[in-house]
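Chain by chain, the residues run as shown.
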Amino acid sequence: MPAREKILVAMSGGVDSSVAALLLKQQGHDVAGAYMKNWINEDGVAGQCPWEQDITDARAVAERLGIEFQVVNLMRDYHERVVQYLLDGYAHGLTPNPDIMCNREIKFGVFRSWAREHGYDAVATGHYARRVEEMWAGCPHPANDGRGRPSHNFSLLEGADKNKDQSYFLALLSPAQLADARFPIGDLEKPELRRLAREAGLANADKKDSQGICFIGQVKMADFLRTYVPDHPGPIVRATDDRVLGEHRGLHFYTLGQRKGIGIPSNTDGKNYVVVGKRAADHALLVAFEEPAAPGLFTREIRVHHLSWIGGPVTVPGALEGRVRYRDPRVPLEFFPEAGSDSARVVFREPQRALASGQILAFYEREKLLGGGVYG
């Protein structure tokens, strides 16, 4: 039985974070719940933003479990650290990842600091990931050896349910953030988690999982961008011969590898256009037919920057695995750090499709998450 801790659970109103609170309570910890109020859709973005219902659901679970519950207003921090990052990225032709940034800057950033200031030892979430103590020859590993083995005592592993694993979204956490994080449901599979919720009488046991932008709700990215980023039309250009095929509303509505919504018919049986790049000089959207030879669509080598390590940094070249985007399988790669910088060159064993600038590459050693970096 782990030592008793005072833990604040980030309760979203969904079943995952609710069962996280349930398990911690059953383990004998001093548990409280809090809803992070990050967004209330004051600007009328199209889509559903059910924050009021989520608070009601989270409070009902807290009452059922007999734990304290409160709403923590982080709206200003969320706008400054996540929304502005998102809008700035798209405005500069990048494809940001707001979910990863939300975890680093809000859940395990501002919210963690708030919890510490209010006397909590740790914060818990409903992520499908596992935090484990790193052991070396029967005792905690004492130092980093340049291969990502930490000087602290914790590692982050994929969730036991590989269909729900969310370790990718935690790729930019720091060692200090991981030390204060708890992931109670990481050893569970989703059907078992829902069974535990039903047995405990939790009202949200069968609530549908949310799929929207982190803490914004069921809002389509295009609708979100349409509200905040002005249209900036430009030509749609075929990359293979520079022929203009049409006009787009703005580069921020498209990302590398996108197939749908381009609005250009191929007029060729069995072939469809896909986005292969963006050209800043004339604000052109570059497209080509979907095939291995499409210019810019597949790559074996890429540079990543703003490297962040959960354990000790990887400072020597060598073989690792990477997850190029959420839900993609881990793939083998060679990692070549650049001395004196937070950047590296990465060479994949097999070409990878649509590695969009601004997205995140997560590094693994088998199921252990080492850290991540930004494509660019």
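Data block above holds the structure.
Here goes a summary of the coordinates provided. (Residues numbered from 1 in each chain as written. Predicted model: local features only at pLDDT ≥ 70, side-chain atom pairs only at ≥ 80, totals over all residues. Heavy atoms only, no water.)

### Overview of the pattern of salt bridges
Inclusion rule: Any Lys or Arg side-chain nitrogen found within 4 Å of a carboxyl oxygen on Asp or Glu counts as a salt bridge. By the criteria applied, helices consist of DSSP H or I runs no shorter than four residues and strands consist of E runs no shorter than two, each listed in order from the N terminus. Here's how the labels work: a residue is buried when its accessible area is under 20% of the maximum for its type, exposed when over 50%, partly exposed in between, all with a 1.4 Å probe on protein chains only.
Under the counting rule described, the total for this entry stands at 33 salt bridges. Here glutamate 367 makes a salt bridge to lysine 162, at a shortest N to O gap of 3.2 Å. Highlighted residues: glutamate 367 in the loop between strand S18 (360-365) and strand S19 (368-375) and lysine 162 in the loop between strand S8 (154-158) and helix H5 (175-179), separated in sequence by 205 residues. On the accessibility criterion, lysine 162 (46% relative accessible area) is partly exposed. For aspartate 209, the salt bridge goes to arginine 194, with nearest N and O atoms at 3.3 Å. Separated by 15 residues along the polypeptide, aspartate 209 in the loop between helix H6 (190-199) and helix H7 (221-228) and arginine 194 in helix H6 bring together distant segments of the chain. A residue is classified by how much of its surface remains accessible, and arginine 194, at 15% relative accessible area, is buried.

### What to know about empty space enclosed by the protein
So the rule is basically this: Both site types are read off a 1 Å grid over the protein atoms alone. A 1.4 Å probe that fits but cannot get out defines a cavity, while an open set with protein on both sides within 12 Å along at least five of seven lines defines a pocket; lining residues have an atom within 4 Å of a point. Grid points are joined across faces, edges and corners, and a volume is the space filled by probe spheres set on the points. When residues are grouped by polarity, Ala, Val, Leu, Ile, Met, Phe, Trp, Tyr, Cys and Pro land in nonpolar, Asp, Glu, Lys and Arg in charged, and all others, Gly among them, in polar.
Evaluation of the coordinates by the stated rule reveals two cavities of 30 Å³ or more. For the second largest cavity, the calculated volume is near 30 Å³. Put simply, the parts of the chain that give the lining of the second largest cavity at least two residues each are helix H4 (98-117) and strand S4 (122-124). With three residues, the single largest contributor to the lining of the second largest cavity is H4. When grouped by side-chain class, the residues that make up the lining of the second largest cavity number four nonpolar, no polar and four charged.

### Quick notes on the pairing of strand S2 (residues 30-37)
Quick note on the threshold: Paired strands are those between which DSSP finds at least two bridges. With the strands pointing away from the viewer, any crossover whose connection runs clockwise from the first strand over the helix to the second is right-handed.
Along S2, seven of the eight residues are buried, which leaves the element largely enclosed by surrounding structure. Two strands pair when backbone bridges link them, and strand S1 (residues 6-10) and S2 are joined in this way by five bridges, in the parallel orientation. Across the sheet, residue lysine 6 finds its bridge partner in S2, namely aspartate 30. The handedness of the S1 to S2 crossover, carried by helix H1 (residues 15-26), is right-handed. Sheet topology places S2 next to strand S3 (residues 68-73); six bridges connect them, and they run parallel. Within the sheet, the bridge partner assigned to alanine 32 lies in S3 and is glutamate 68.

### Details of the sheet that holds strand S13 (residues 284-289)
Rule in force here: Simply put, an axis is a line fit to the C-alpha atoms, just over the touching stretch for a helix, and the angle between two N-to-C directions goes from 0 to 180 degrees.
If you walk across this open sheet you meet the four strands as S11-S10-S13-S12, and the pairing is mixed. What marks the edges here is a single partner per strand, and that holds for strand S11 (243-248) and strand S12 (273-279). Averaged over all pairs of adjacent strands, the angle between their axes in this sheet comes to 30 degrees, without regard to strand direction. Bridge analysis of strand S10 (residues 234-238) against S11 gives five bridges, and the strand direction is antiparallel. What sits directly across from glycine 234, in S11, is histidine 248.

### A few points about the packing of aromatic side chains
Any aromatic ring pair is given by two values, namely how distant the centres are and how the planes are angled relative to each other. This is how it is decided: Planes of paired rings set the category: under 30 degrees apart is stacked, over 60 is edge-to-face and the rest tilted, where pairs are Phe, Tyr or Trp rings (Trp by its six-membered ring) whose centres lie within 6.5 Å.
For the structure on display, the rule yields eight aromatic pairs. Relative to phenylalanine 169, the ring of tyrosine 168 lies with its centre 5.7 Å away and its plane at 75 degrees, an arrangement referred to as edge-to-face. The two residues tyrosine 168 and phenylalanine 169 agree in class, both being buried. Aromatic pair tyrosine 273 and phenylalanine 289: ring centres 4.6 Å apart, planes at 10 degrees, arrangement stacked. Placement of the pair is tyrosine 273 in strand S12 and phenylalanine 289 in strand S13, with a sequence separation of 16 residues.

### Comments concerning the side chain of serine 343
Applied cut-off: Here a polar contact means two N or O atoms within 3.5 Å. Within protein one must be a hydrogen donor candidate and the other an acceptor candidate, and residues neighboring in sequence count only if both atoms are side-chain atoms.
Assignment of secondary structure puts serine 343 in the loop between strand S16 (331-337) and strand S17 (344-353). What makes serine 343 buried here is its relative accessible area of 4%. For serine 343, the side chain forms a polar contact with the side chain of arginine 303, separated by 3.1 Å.

### A few points about the packing of H1 against H6
The condition that has to hold: Convention used here: angles under 35 degrees read as roughly parallel, angles over 145 as roughly antiparallel, angles from 65 to 115 as roughly perpendicular, and any remaining angle as oblique. We call a crossing left-handed when the near helix sits turned anticlockwise from the far one by less than a right angle, and right-handed when that turn is clockwise. A contact between two residues is defined here by any heavy atoms of the two lying within 4.5 Å.
Running from N to C, H1 and H6 cross one another at 65 degrees; their axes reach a closest spacing of 10 Å. Judged by the angle between their axes, H1 and H6 are roughly perpendicular. Crossing geometry of H1 relative to H6 is assigned as left-handed. Taking contact as the criterion, the partners of Val15, Asp16, Val19, Leu22 and Leu23 in H1 are, on H6, Lys190, Leu193, Arg194, Leu196 and Ala197. In the contact of H1 with H6, the residues fall into seven nonpolar, no polar and three charged.

### Details of the nonpolar core
Going by this rule: For our purposes a nonpolar core is just a set of buried Ala, Val, Leu, Ile, Met, Phe, Trp, Tyr and Cys residues, chained together by side-chain atoms within 4.5 Å.
The biggest cluster of nonpolar side chains holds 55 residues, and the ones touching the most others in it are Leu8, Ile106, Phe111, Leu156, Leu170 and Leu369. Examining the composition of this core, we find that eight residues originate from one element, H4, more than from any other. Setting aside chain neighbours within four positions, we find leucine 369 in contact with Leu156, Ser167, Leu170, Ala171, Ile310, Ala362, Phe363 and Tyr364. Counting 31 residues, the second largest nonpolar core, distinct from the first, contains Val9, Val61, Leu193 and Leu202.

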